[in-house]
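A look at the structure
Take a look at the letters that make up each chain.
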Amino acid sequence: MRAVWYEQQGPAGDVLQAGDLPDPEPGPGEVRVRLRYSGVNPGDTKKRRGWLGSTMAFPRVVPHSDGSGVLDEVGDGVDSSRIGRRVWVYGAQSYRPLGTAAQYTVVPADQAVDLPAEVDDLLGACLGIPGITAHRAVFGDGPVDGATVLVHGAMGAVGSLAAQLAHHSGAHVVTTVRRSEDAFRLRGAAFGHTVALGEPDPAGAVRALAPDGVDRIVEVDFAGNIDLDAAVAKNGAVIAAYASGRDRPNFPFWPMLFDNITVRLLGSDDFPPAAKRQAASDLTAAAQVGALSIPVRPPFPFEQVALAHGQVDADNRSRVLLAIPD
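In what follows, the accompanying structure is described. None of these values were measured; they are calculated from a predicted model.

1. Considerations on helix 7 (residues 222-232)
- Taking burial as the measure, the 11 residues of helix 7 include 8 buried ones, the bulk of the element.
- As for helix 7, its buried residues are in contact with strand 8 (148-151), helix 6 (202-209), strand 11 (214-219), strand 12 (233-241), helix 8 (253-258) and strand 13 (262-265).

2. Notes on the packing of helix 6 against helix 7
- It is the contact of helix 6 with helix 7, at a shortest axis distance of 9 Å, that shows an interaxial angle of 35 degrees. The two elements helix 6 and helix 7 cross, and the hand of that crossing is right-handed. Touching Pro202, Ala203, Val206 and Arg207 of helix 6 are Leu228, Ala231 and Val232, all from helix 7.

3. Observations regarding the pattern of salt bridges
- Enumeration over the complete set of coordinates arrives at 16 salt bridges.
- Among the salt bridges present, the one from Arg82 reaches Asp114, with a minimum N-O distance of 3.2 Å. Here Asp114 lies in strand 7 (residues 112-114) and Arg82 lies in the loop between strand 4 (66-74) and strand 5 (86-89), a separation of 32 residues in the sequence.
- For Arg82, a relative accessible area of 13% gives the class buried.
- Note on Asp114: relative accessible area 30%, which makes it partly exposed.
- Here Arg277 and Asp110 are joined by a salt bridge, their closest N and O atoms 3.5 Å apart. Highlighted residues: Arg277 in helix 9 (residues 273-288) and Asp110 in the loop between strand 6 (104-108) and strand 7, separated in sequence by 167 residues.
- Because the salt bridges share partners, they merge into one network encompassing Glu25, Arg32, Asp72 and Glu73.

Criteria and cut-off values
Residues numbered from 1 in each chain as written. Predicted model: local features only at pLDDT ≥ 70, side-chain atom pairs only at ≥ 80, totals over all residues. Heavy atoms only, no water. Buried < 20%, exposed > 50% of the residue type's maximum accessible area, 1.4 Å probe, protein only. Helix = DSSP H or I, 4+ residues; strand = E, 2+ residues; numbered from the N terminus. Contact = heavy atoms within 4.5 Å. Axes fitted to C-alpha atoms, helices over the stretch in contact; angles between N-to-C directions. Left-handed = near helix turned anticlockwise from the far one by under 90°. Salt bridge = Lys/Arg side-chain N within 4 Å of Asp/Glu carboxyl O.

None of this, on its own, says anything about what the molecule does.
Given below as structure tokens:
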């Protein structure tokens with residue numbers, strides 16, 4: 001099969017190489033997917049460059065965890081009637097060496113999720129890491145129907161999906177962006193109440209939209225936003241953080257203690273398996289009824305994988321995909 005891989009960490013242009021590798025075969029409980037698109041996420045580029053001192057988990061890594069394609073082979077114990085179905089894939093390179101930057105990938109059977117006819121392959125390839133992270137941030141502490149949910153970073157992949165999932169589930173959603181002009185780039189009912197963090201009093205603006213405070217906060221920069229979060233949270237609120245601008249943030253301990261605030265930290269590779277399966281099911285159902293809109297730039301050709309990684313690292317606001325050759 002044609003594949004992209006790296007055998008040492010470093011800059012994309014220096015370490016990523018394309019060539020031929022043996023076709024993988026599914027083991028017991030696994031399936032093989034003939035991929036059409038590979039989703040590129042910040043976590044993929046961080047692994048490649050050794051972010052936070054990470055090292056090579058395997059001698060050779062085929063990157064990327066997300067993708068979409070057609071299930072073409074099953075291992076022992078998997079229903080063979082699944083062969084030929086369109087699927088989206090998550091977790092392909094989570095604690096595994098062979099991700100989706102290849103013509104084939106092998107994953108546990110429940111990590112290849114049937115794609116309904118209403119959902120195209122491009123959207124399917126975008127659901128994995130950001131979608132499951134967004135779902136866990138929104139629903140990790142129970143339903144949000146009737147709750148007020150504050151979603152930071154609404155232009156990002158996780159934040160955008162979190163806002164749409166919360167809105168689809170009956171929450172009153174307030175979102176934030178960095179600059180006032182960014183709000184005009186958001187489209188859809190989930191983004192009807194947006195605050196720019198650069199305005200003089202963003203906490204006051206959130207309070208104006210949620211006078212009783214917010215029940216759940218989806219946080220992309222725990223260190224940068226924690227004072228605002230503490231100022232707008234209801235007693236008993238949850239702050240679900242999946243990123244931080246500083247790795248040792250300060251926060252207002254006593255006000256947060258008196259408000260009984262829970263801080264949930266989200267590491268997507270290690271969510272409980274049942275939570276991942278529920279997220280996959282809910283994401284698929286929401287996509288099927290048109291509740292999820294994801295901006296996707298034209299897929300990069302296979303040979304331009306280094307450029308695709310560079311686009312992700314440039315903080316692009318549209319999802320980055322790699323087109324897999326036939």
